[in-house]
Amino acid sequence: MEKGRRLCEIEASQGRRFCAKISRRQTGAGTESLATVAAKQPDRSKQGRRCISTEVELKLAASVADLAELRRALVEMAPASACSQSRLISTYYDTPDLTLKRRGLSLRVREQGDRFIQTVKSGDPSSFDVLTRGEWEDELAEGYPDPNAAQSGEHLPDGIAGDLQPFFATDVTRTTFAIEPTPATRIEAAIDQGEIRVAGDGAAEPISEIELELKSGDAAALYDVALQLLDVAPIRIEPRSKSERGYQLGDEAETASPVVHAEPIALDPAMTVEAALQEIGRACLAHLLHNEAAALAMDPEGVHQMRVAVRRIRSAISAFKRLLPAADRRRISGELAWLVDILGRARNLDVFATELLLPARAELSHKTGVDDLAAALDRERSAAYQRVERAILSKRHAAGMLRLSHWFEARGWREGPAARSALLTSPIGDLAPHLLDRRWREVRKRSKRFGRLTAPQRHKLRIAGKKLRYTLELLGNLFDQDDLQRFMKRLKRLQDDLGYANDVRVAHDILRELCAGARRSPVAHAGARLFEWHEQALAKAERKLRRRLNRLHRTAPFWREPEALDVRSGRVQA
């Protein structure tokens, strides 16, 4: 309670001082008006781009009960370095319409002893980088923000000075350790324990985490330290910053954790193959980690996006498999297979309930057992989401994410044969068309004599199309975006049609499990009527499905130069 009161007093005091200074600028005799202040702002359009100060930091969530053991482990890693402890009180500011949040920025003023440090950070979930953020700092004379500060102020939007107000604050006790795993590597480890508190309404959330900040050396060393800590106590990667958590805590409308969708990956044709693979791995892992909170909140889209992220990682490993050590591929496949199975079970039940049962329920409402079927699905979905929760919070998942992150960050594939390493250093722009060719040939092979394909064979075609789509998404930034979108539009329509048929097939298997052999139960009766309804819809859509497949076949693969194509057949010439 005392800490909470102290935090509210600080918020109120900083808010009053900040508003008083703005007021003096606006109305005080002999002081500057806002117009004068704005006129003195540097004209950023005429300046060269400032080099970004980059913070490279790995954040790890830990239980309060485990902090003492983790502290002892860090002391052992840094026996020659005396640890230090300090209290850090940080107030985060934004405008009423959240201008900074919308731009992926955070602004805080930290009180540390008798010093005040203003920090502006860039980076948001859509940036897909768990480790790095832009960071700019200035020491201030007083404990309220200064939009004109030399370093940090330059990165704030113009014209926000009069609108800034405190939104939330953090009060933590920080214990720091200097770790030097190698002579060239320095890491500052910090244990933070305290709370986030929203200004005004008193909403609060505890902070219990470890931050590993790279001061010099290879970023892969952060994961080495994290894996050592995992042997001591359960920890897991926390992709959210304190500012992200504070905004979510203070947003009444944002009652659930946000779902993050995959964004295009910034690749350049001239970058090496291994640099491209590293960027792809970082992006896919960040996509996965940023959706853990939504999945834990039982958000179906959070589970779906986690599953998509895992499949994108597996697709990337498969696309580059000829360049990667076989042992690494097998290990990664095993690392992810159990997770995708657990996520897949929950996703399949979601699809059954929301995309198969819900659309048909109005027409089947008079049928016996429809409510029983819905109730059985709800019970099974609840059990599936409990398994998802246990998996995400398990040591196995934490270790898997740390090991996989380390592999991408350290470019672990370099331990492979020298011949492969030579190809890994070639430009990705040269290799990408070959990777897509292989995926495209598989789609065409799987679609031959489509009318005669069985349900399992159509499922294999769907998987081939999905792998092509994921590979296109991962490498898409290397190609003309109009060409990419035209091709993707046709591919996605085909995938949706094949996906619908597969959803019905999977639902048949789920229904058998729900009925547990009782073929004449109300649930079985309702399921049979439901599948009749969907089979009729699939039969009507068959002609459209074949047209879409033919249209895709006639589409020239845009990733090849025109002279390399026979446009009439759409086939790549030898």
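On a predicted model such as this, the values are computed, not experimentally measured, just so you know. (Residues numbered from 1 in each chain as written. Predicted model: local features only at pLDDT ≥ 70, side-chain atom pairs only at ≥ 80, totals over all residues. Heavy atoms only, no water.)

Caption draft 1: Representation of the packing of aromatic side chains within the structure. For the structure on display, the rule yields 13 aromatic pairs. Judged by centre distance (5.5 Å) and plane angle (70 degrees), the rings of Trp440 and Phe487 are edge-to-face. You can see Trp440 sitting in helix α14 (residues 428-446) and its partner Phe487 sitting in helix α16 (residues 481-515), a full 47 residues away along the chain. Judged on exposure class, the residue Trp440 and its partner Phe487 are both buried. (Phe/Tyr/Trp six-rings, centres within 6.5 Å; stacked < 30°, edge-to-face > 60°. Helix = DSSP H or I, 4+ residues; strand = E, 2+ residues; numbered from the N terminus. Buried < 20%, exposed > 50% of the residue type's maximum accessible area, 1.4 Å probe, protein only.)

Caption draft 2: Here's a closer look at helix α7 (residues 273-290). Counted at 1.5 Å a residue, the expected span for α7 with its 18 residues is 26 Å, and the 26 Å between its end C-alpha atoms agrees. Among the 18 residues that make up α7, 16 are buried, leaving the element largely enclosed by the rest of the structure. (Expected span 1.5 Å × (residues − 1).)

Caption draft 3: Quick look at the nonpolar core. With 128 residues, the main nonpolar core has Leu58, Leu60, Leu212, Phe320, Leu472 and Leu475 as its most contacted residues. Sorting elements by how many residues they give to this core places helix α10 (residues 326-364) first, with 14 residues. If we ignore the near neighbours within four places in the chain, the residues touching Leu472 are Leu436, Leu484, Phe487, Met488, Leu491, Phe558 and Trp559. One finds Leu105, Phe116, Tyr144 and Tyr247 within the second-largest nonpolar core, a separate group that totals 21 residues. (Core = buried A, V, L, I, M, F, W, Y, C linked by side-chain atoms within 4.5 Å. Contact = heavy atoms within 4.5 Å.)

Caption draft 4: Up close: the layout of surface pockets. Put simply, the second largest pocket is a space of about 730 Å³. Around the second largest pocket, the lining comprises 41 residues; the ones closest to its centre are Glu55, Glu57, Arg108, Lys121 and Glu135. It is strand β2 (residues 84-94) that provides the largest number of residues to the lining of the second largest pocket, a total of five residues. Its residues assigned to classes, the lining of the second largest pocket shows seven nonpolar, 13 polar and 21 charged. (1 Å grid on protein atoms, 1.4 Å probe; cavity = no way out; pocket = protein on both sides within 12 Å on 5 of 7 lines; lining within 4 Å. Points joined across faces, edges and corners; volume = space filled by probe spheres on them. Nonpolar A, V, L, I, M, F, W, Y, C, P; charged D, E, K, R; others polar.)

Caption draft 5: Local environment of the pattern of salt bridges. Overall, the coordinates contain 43 salt bridges when judged by the stated rule. Between Arg87 and Asp171 there is a salt bridge whose closest N-O contact spans 2.5 Å. You can see Arg87 sitting in strand β2 and its partner Asp171 sitting in strand β6 (residues 165-182), a full 84 residues away along the chain. Given a relative accessible area of 1%, Asp171 falls into the buried group. (Salt bridge = Lys/Arg side-chain N within 4 Å of Asp/Glu carboxyl O.)

Caption draft 6: Representation of the pairing of β6 within the structure. As paired strands, β2 and β6 are joined by 11 bridges and run antiparallel to one another. In the strand pairing of β6, Ser86 is matched with Arg174. Judged from the 13 bridges that link them, β6 and strand β7 (residues 185-198) form a sheet pairing that is antiparallel. Bridging from a neighbouring strand, Val172 pairs with Gly194 of β7. (Pairing = 2+ DSSP bridges.)

Caption draft 7: Spatial organisation of the packing of helix α3 (residues 67-77) against helix α5 (residues 220-230). Look at α3 against α5: their axes get within 10 Å of each other, and the N-to-C directions meet at 130 degrees. Our classification of the angle between α3 and α5 gives oblique. Where α3 crosses over α5, the two elements pack in a sense that is right-handed. Along the contact surface, α3 presents Leu70, Ala73, Leu74 and Met77, while α5 presents Val225, Gln228 and Leu229. (Axes fitted to C-alpha atoms, helices over the stretch in contact; angles between N-to-C directions. Parallel < 35°, antiparallel > 145°, perpendicular 65-115°, else oblique. Left-handed = near helix turned anticlockwise from the far one by under 90°.)

Caption draft 8: Geometry of empty space enclosed by the protein. For the structure on display, the rule yields nine cavities of 30 Å³ or more. One number sums up the size of the largest cavity: a volume of about 110 Å³. Among the secondary structure elements, those contributing two or more residues to the lining of the largest cavity are α7 and α12 (395-410). Ranked by the residues each element gives to the lining of the largest cavity, the list is headed by α7, at four residues. Grouping the constituent residues of the lining of the largest cavity by class yields eight nonpolar, one polar and three charged.

Caption draft 9: The arrangement of the side chain of Arg411 in detail. Within the fold, Arg411 resides in the loop between α12 and α13 (418-424). A distance of 3.1 Å separates a polar atom in the side chain of Arg411 from a polar atom in the side chain of Glu274. In this structure Arg411 touches Glu274, Ala275, Gln278 and His406, once residues within four positions along its chain are discounted. (Polar contact = N/O pair within 3.5 Å; in protein donor to acceptor, adjacent residues only side chain to side chain.)

Caption draft 10: Summary view of unusual backbone geometry. In this structure, Met298 is a non-glycine residue whose phi angle is positive, near 65 degrees. Relative to the helices and strands, Met298 is located in the loop between α8 (292-296) and α9 (300-319). Overall, the relative accessible area of 46% leaves Met298 in the partly exposed class. The backbone of Arg411 shows a phi angle near 50 degrees, a positive value even though the residue is not glycine. The buried category is assigned to Arg411, whose relative accessible area is 19%.

Caption draft 11: Representation of the packing of helix α11 (residues 370-392) against α16 in the model. Running from N to C, α11 and α16 point in directions that differ by 95 degrees, and their axes come no closer than 11 Å. Between α11 and α16, the angle is such that the two are roughly perpendicular. Touching Leu373, Ala376, Leu377 and Glu380 of α11 are Ile510, Leu511 and Leu514, all from α16.

Caption draft 12: Looking closely at the pairing of β2. Bridge count for β2 against strand β3 (residues 105-112) is five bridges, and the pairing is antiparallel. Residue Ser90 lies in a different strand from β3, and its bridge partner there is Arg110.

Caption draft 13: Broad picture of the environment of Ala220. Note that Ala220 resides in helix α5. For Ala220, a relative accessible area of 4% puts it in the buried group. Measuring from C-alpha to C-alpha, the distance between Ala220 and His406 comes to 5.6 Å, with 186 residues separating the pair along the chain. Discounting chain neighbours no more than four positions away, the residues touching Ala220 are His406, Glu409 and Ala410.

Caption draft 14: Summary view of the confidence of the model for the chain. Residues with a pLDDT of 70 or more make up 85% of the chain, whose mean pLDDT is 85. This model gives residues 1-52 a pLDDT under 50, and the stretch forms 76 contacts once residues within four places in sequence are excluded. Under a pLDDT of 50 for its full length, residues 563-574 has, in the predicted model, 20 contacts with residues more than four places off or in other chains. (pLDDT = per-residue confidence, 0-100.)

Caption draft 15: The arrangement of the environment of Leu545 in detail. Structurally, the position occupied by Leu545 is in helix α17 (residues 522-553). Expressed as a C-alpha distance, the spacing of Leu545 and Leu498, which sit 47 residues apart in the sequence, is 7.9 Å. Ignoring sequence-local partners within four residues, the contact set of Leu545 consists of Phe450, Arg458, Leu494, Asp497 and Leu498.

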